[in-house]
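# Coordinate inspection notes
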Amino acid sequence: MRSTAYQNNQVGAATIWARFFPLMELLANIGVVILLVAGGLRVIDGPLTLGELVAFFSMIWYIIGPMWNIGFLINNYTQSKASGERVLELLHSYVHVKSVEDAVVLDKDTIKGHVRFENVTFSYADKEPALRDISFDAPPGKVIGLLGGTGSGKSTIIQLLMHAYNVKQGRITVDGFDIRNVDVQSLRSQIATVFQETFLFSASIRDNIAYANKDATMEEIERAAKLSKAHEFIMELPLGYDTLVGERGMGLSGGQKQRIAIARALIRNPHILVLDDATSAVDMETEHEIQAGFKELMRGRTTFIIAHRISSLKDADEILVLDGGRITQRGTHQQLIRQQGPYRDVYNIQYADRPQSGEDEPAVKGGTA
Ligand SMILES: Nc1ncnc2c1ncn2[C@@H]1O[C@H](COP(=O)(O)OP(=O)(O)OP(=O)(O)O)[C@@H](O)[C@H]1O
Ligand SMILES: [Mg+2]
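Right, let's walk through the structure included here. Because the structure is a prediction, the values reported are computed rather than measured.

In terms of regular secondary structure, the chain is built from 12 helices and 10 strands. Relative to the compact-globule value of 21 Å for 369 residues, the chain shows a C-alpha radius of gyration of 32 Å, a clear excess of over 25%. Seen through its principal axes, the chain has C-alpha atoms that stretch 110 × 55 × 50 Å. A burial count over the chain gives 37% of its 369 residues as buried.

Among the surface-exposed residues, Glu232, Glu236, Asp283, Glu285 and Glu289 lie close enough to one another that they form a single negatively charged patch. At the level of elements, helix H7 (231-236) and helix H9 (284-297) are the ones that each hand at least two residues to the negative patch. Looking at the element boundaries, Glu285 is found in helix H9. Take Glu285: its relative accessible area is 61%, and that puts it in the exposed class.

What follows deals with the site of ligand 1. Ligand 1 sits among 13 residues. The nearest are Thr150, Gly151, Lys154, Ser155 and Thr156. Here a nitrogen atom of ligand 1 sits 3.2 Å away from a polar atom, N or O, in the side chain of Lys127. Gly151 is positioned with one of its backbone polar atoms (N or O) 2.8 Å from an oxygen atom of ligand 1. Protein burial of ligand 1: of its 630 Å² of free accessible surface, 61% is covered by the chains. Looking at the shell around ligand 1, its residues break down into three nonpolar, eight polar and two charged.

This brings us to the pattern of salt bridges. Evaluation of the coordinates by the stated rule reveals 10 salt bridges. Measuring nitrogen to oxygen at the nearest pair gives 3.6 Å for the salt bridge that ties Glu128 to Arg132. The class for Glu128 is exposed, based on a relative accessible area of 61%. The salt bridge partner of Arg206 is Asp242, with a shortest N-O separation of 2.6 Å. Highlighted residues: Arg206 in helix H5 (residues 205-209) and Asp242 in the loop between H7 and helix H8 (254-266), separated in sequence by 36 residues. The class for Asp242 is partly exposed, based on a relative accessible area of 42%. Ionic contacts of the salt-bridge type, sharing partners, join the residues Arg116, Glu118, Asp137 and Arg171 into one network.

This next bit is on the sheet that holds strand E7 (residues 272-276). Read across the sheet, six strands follow the order E6-E7-E8-E3-E9-E10 without closing on themselves; strand pairing throughout is mixed. One side of each edge strand has no neighbouring strand; the edge strands of this open sheet are strand E6 (191-194) and strand E10 (326-331). Going across the sheet, the axis of each strand differs from the next one's by a mean of 20°, ignoring polarity. The sheet contact formed by E6 and E7 spans four bridges and is parallel.

Excluding glycine, residues mostly have negative phi values, and the peptide bonds linking residues are mostly trans. One non-glycine residue, Asp102, lies in positive phi territory at about 40°. Within the secondary structure, Asp102 sits in the loop between helix H2 (50-93) and strand E1 (115-122). Here Asp102 falls in the exposed class, since its relative accessible area comes to 75%. Although it is not a glycine, Asp133 sits at a positive phi angle of roughly 50°. In this structure, Asp133 sits in strand E2 (residues 131-138).

With that settled, the discussion passes to the packing of aromatic side chains. On inspection of all chains with the given rule, the structure shows 10 aromatic pairs. Ring plane angle 80° and centroid distance 5.2 Å describe the contact between Phe122 and Tyr124, whose orientation is recorded as edge-to-face. Ring centres of Tyr124 and Tyr165 lie 5.1 Å apart, and the angle between their planes is 90°; this geometry places the pair in the edge-to-face category. Here the residue Tyr124 occupies a position in the loop between E1 and E2, and Tyr165 occupies one in the loop between helix H3 (154-161) and strand E4 (169-174), the gap between them amounting to 41 residues. The buried category is assigned to Tyr165, whose relative accessible area is 15%. The structure contains a cluster of three or more aromatic residues connected by ring pairs, namely Trp17, Phe21, Trp68 and Phe72.

About the criteria used
Residues numbered from 1 in each chain as written. Chains lettered and ligands numbered in written order. Predicted model: local features only at pLDDT ≥ 70, side-chain atom pairs only at ≥ 80, totals over all residues. Heavy atoms only, no water. Helix = DSSP H or I, 4+ residues; strand = E, 2+ residues; numbered from the N terminus. Rg over C-alpha atoms; globule rule 2.2 N^0.38 Å. Buried < 20%, exposed > 50% of the residue type's maximum accessible area, 1.4 Å probe, protein only. Patch = residues over 30% accessible without salt bridge, like charges linked within 9 Å, V, L, I, M, F, W, Y side chains within 5 Å. Areas by Shrake-Rupley, 256 points an atom, 1.4 Å probe, with all protein chains shown as cover. Salt bridge = Lys/Arg side-chain N within 4 Å of Asp/Glu carboxyl O. Lys, Arg positive; Asp, Glu negative; His and termini not counted. Charge placed at Lys NZ, Arg CZ, Asp CG, Glu CD. Near = heavy atom within 4 Å. Polar contact = N/O pair within 3.5 Å; in protein donor to acceptor, adjacent residues only side chain to side chain. Nonpolar A, V, L, I, M, F, W, Y, C, P; charged D, E, K, R; others polar. Pairing = 2+ DSSP bridges. Axes fitted to C-alpha atoms, helices over the stretch in contact; angles between N-to-C directions. Phe/Tyr/Trp six-rings, centres within 6.5 Å; stacked < 30°, edge-to-face > 60°.

Worth remembering: the numbers are spatial, not functional.
Right, dumping it as structure tokens:
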């Protein structure tokens with residue numbers, strides 16, 4: 001799409017160039033002819049010597065040359081300015097929060113990963129607040145589910161937890177430390193995130209999983225792959241863990257890539273795990289298996305699951321339903337389906353065309369509020 005726009009613009013520019021460049025050249029050459037005729041006539045008549053005419057002619061190029069160049073320079077300048085602005089925009093887009101002096105360094109061995117948000121309100125630059133008055137408590141071992149439409153603020157909560165932006169209203173604490181006073185590097189190293197889009201390096205599966213933990217042993221790699229349900233399909237590949245993937249390697253399905261990404265997150269043994277729409281590309285059954293694996297590993301650790309599927313959130317200890325940056329509903333799955341509100345609406349839509357007999361509960365209608 002962007003390439004098409006770029007192509008159209010380039011073709012447009014080339015068209016204008018093709019139309020006007022010959023015209024410019026023609027005008028310049030007509031000028032030369034006029035000069036020659038006028039000069040030649042004066043030489044014939046006598047007031048000008050031939051030498052003077054030739055000297056004049058060679059001098060004129062000293063003027064024309066730089067004038068041409070100015071034209072090119074202006075063109076170049078506008079292009080560079082536009083490119084430069086883009087680069088600066090990119091450089092400024094991610095606020096590089098620096099650690100304060102004498103920041104608290106979280107110790108990997110003693111940290112528990114107790115996350116608290118206290119009345120956090122946050123807006124990007126001068127836009128409308130993306131989060132309004134968000135409070136929750138996520139002690140170690142607790143699973144927090146985040147549900148909400150696109151743009152409701154789910155990813156922003158995670159961005160703030162990673163201290164990608166500074167919170168000005170309210171506060172966020174990890175193990176009781178305000179994260180503004182915590183060393184940024186030590187905070188982020190406790191959090192492992194799996195996103196919807198997975199990037200695999202052009203390397204072996206083994207290196208892709210061990211990417212965040214270079215000295216992981218083969219045993220650790222396999223353990224992580226087993227927990228993320230990647231081990232089985234990896235073993236079926238011709239070279240197993242040595243199979244090359246990524247741009248130059250084997251193509252993997254979206255679900256397989258995601259399982260590798262989850263293994264990559266698990267190998268760091270994080271105290272806080274974030275799954276931002278991470279299991280959307282795997283089918284429900286695999287998702288169920290992966291989550292069962294998590295339960296084992298996440299015991300005593302804090303997990304955030306962002307999902308659009310109720311099935312991904314059902315087992316969370318607390319589900320926060322977000323709308324326009326506000327928490328509109330909160331509670332467990334069982335509590336929320338008994339209430340009238342957005343959660344039950346989503347639930348009914350997602351379970352509407354499922355057989356009533358299976359293990360899943362049928363749609364809930366009416367009832368107590
Ligand atoms: N880097 C940013 N700069 C400015 N505004 C942003 C930025 N990131 C998000 N927003 C805005 O903040 C609001 C919340 O966005 P957020 O990414 O948290 O939504 P989300 O719930 O994760 O949505 P999705 O389900 O699409 O991932 C949106 O209005 C969005 O436009
Ligand atoms: Mg998001």
